[in-house]
Protein chains: 2
Amino acid sequence: MLQNSSPEPPHPAKDVTQHVGYLLKRAQAALRGAMDKTLREHGLTVPQYATLELLALHPGMSNADLARATFVTRQSGNVVLRGLQDGGLITRPATADHGRARPAHLTEEGRARLAAVQAAVYAVEQRMAEAIPPRRMAALLADLDSIAAALEE
Amino acid sequence: MLQNSSPEPPHPAKDVTQHVGYLLKRAQAALRGAMDKTLREHGLTVPQYATLELLALHPGMSNADLARATFVTRQSGNVVLRGLQDGGLITRPATADHGRARPAHLTEEGRARLAAVQAAVYAVEQRMAEAIPPRRMAALLADLDSIAAALEE
DNA sequence: CCGCCTATGTCAAAATGCTGACATGCTGCA
DNA sequence: TGCAGCATGTCAGCATTTTGACATAGGCGG
């Protein structure tokens, strides 16, 4: 090896607020806040929006699927799904045809609500994208993915 | 190409799971899970640990200060502080000397508990650091900071 | 000096999320 | 066929966090 002369490469910052974990939390908190504020004006919560977006991309996902994709438990996912169902934004068959999984689908109103919100949400995403040099975007996405992969043993 | 002729530079990925926001959430969720698991073995929660770390760095922070720094409300921060106080890890004067803010300080036991946990927590941080090319670390930290700054209007 | 504004701490209620537990339905294997 | 293992949906209880509200303390400009 080429001699790693630095004695402390992994966490070179002594200030905790300069660690990866802290900055990650900070960025995520800021994003959550911005999303909350934006979605509130449209009567949706962040988990609800995330569910709609996923269902638009992958129709027929089950509650367990959605829970995994939105990083919550099945129980929490079920509450979100129930809310969306009560609001008429999604439909679920009363009885499962295959296993126990009941595939969820967007209703016409669900698709409309999603479309109405997407512009506002994508504006938030754009504010993030504009904050970082375009040249680094791909690397940032790859690094975030690597971090997640490294922590899910 | 030198010319940026692409009409959609901000969010080049059509798949939502490739957006910055989603990957940010995923990375943060993974980090939260790893931290939870690690800290549980030491009888601490993530907010409690964060508070101890901040108090070690900046003794005398008030509840409101800590709440801001840990991205929770004052009410939640107070619960955390009360828990730490009941556990004998921090002290707060019963009465404020200046305003209403009561400066918190680590006890000897608090310092000891923090020191005992830091090795395990820094190991998690190390797993993250090893997952990304060292060359990109500074850029990643800067980008995360930029994202947070861009979203806090 | 006084009133307005801001910041802080705290209480109560509601929302949200999680853990634990259980029943159901599929799959694979002997 | 029978049975163990696993995934899913769901209920109940608990923990955490937030929203909303209020009282108090200090700064500031009139």
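On a predicted model such as this, the values are computed, not experimentally measured, just so you know.

> Would you take a moment to explain the protein's contact with DNA strand C for this structure?
The immediate surroundings of DNA strand C are formed by 21 residues, with Gln75(A), Ser76(A), His98(A), Arg100(A) and Arg102(B) found nearest. Among the atoms of DNA strand C lying within 4 Å of the protein, the sugar-phosphate backbone contributes 59%. In the environment of DNA strand C, a base oxygen lies 2.5 Å from a nitrogen or oxygen atom belonging to the side chain of Gln75(A). Ala64(B) is positioned with one of its backbone polar atoms (N or O) 2.8 Å from a phosphate oxygen of DNA strand C. Among the elements of the structure, α4 (74-86) of chain A together with α3 (63-70) and α4 (74-86) of chain B are those that each provide at least two residues to the surface near DNA strand C.

> Sorry, what's going on with the interface of chain A and chain B here?
Accessible area lost when the parts come together is the quantity often used to give the size of an interface. Taken together, the contact pairs 54 residues of chain A with 54 residues of chain B. Both faces combined, the contact of chain A with chain B buries some 5,500 Å², and carbon together with sulfur accounts for 69% of it. Per-residue buried area on chain A facing chain B is highest for Arg26(A), Phe71(A) and Leu151(A); these three make up 12% of the total on that side. The interface formed by chain A and chain B contains 6 salt bridges. A salt bridge links Arg26(B) to Asp145(A); the nearest nitrogen and oxygen atoms lie 3.3 Å apart. Among the elements of the structure, α1 (20-40), α2 (46-57), α3 (63-70), α5 (108-131) and α6 (134-151) of chain A are those that each provide at least two residues to the side of chain A that touches chain B. Among the residues making up the side of chain A that touches chain B, the classes are represented as 33 nonpolar, 9 polar and 12 charged.

> It is not clear to me how the pattern of salt bridges should be interpreted in this structure. Could you clarify?
Two side chains with opposite charge may pair up if their charged atoms get near one another. Counting across every chain of the model gives 12 salt bridges over all chains. A salt bridge links Asp36(A) to Arg32(A), with the shortest nitrogen-to-oxygen separation between them at 3.4 Å. Linking Asp36(A) with Arg32(A), this pair stays in helix α1, spanning 4 residues, or about one helical turn. Asp36(A) gets classed as partly exposed once you look at its relative accessible area, which sits at 24%. Here Arg32(A) falls in the partly exposed class, since its relative accessible area comes to 36%. Sharing partners across several salt bridges, the network here consists of Arg26(A), Asp145(B) and Glu152(B).

Parameters and conventions
- Residues numbered from 1 in each chain as written.
- Chains lettered and ligands numbered in written order.
- Predicted model: local features only at pLDDT ≥ 70, side-chain atom pairs only at ≥ 80, totals over all residues.
- Heavy atoms only, no water.
- Near = heavy atom within 4 Å.
- Polar contact = N/O pair within 3.5 Å; in protein donor to acceptor, adjacent residues only side chain to side chain.
- Helix = DSSP H or I, 4+ residues; strand = E, 2+ residues; numbered from the N terminus.
- Contact = heavy atoms within 4.5 Å.
- Buried area = accessible area lost by both parts, 1.4 Å probe.
- Salt bridge = Lys/Arg side-chain N within 4 Å of Asp/Glu carboxyl O.
- Nonpolar A, V, L, I, M, F, W, Y, C, P; charged D, E, K, R; others polar.
- Buried < 20%, exposed > 50% of the residue type's maximum accessible area, 1.4 Å probe, protein only.

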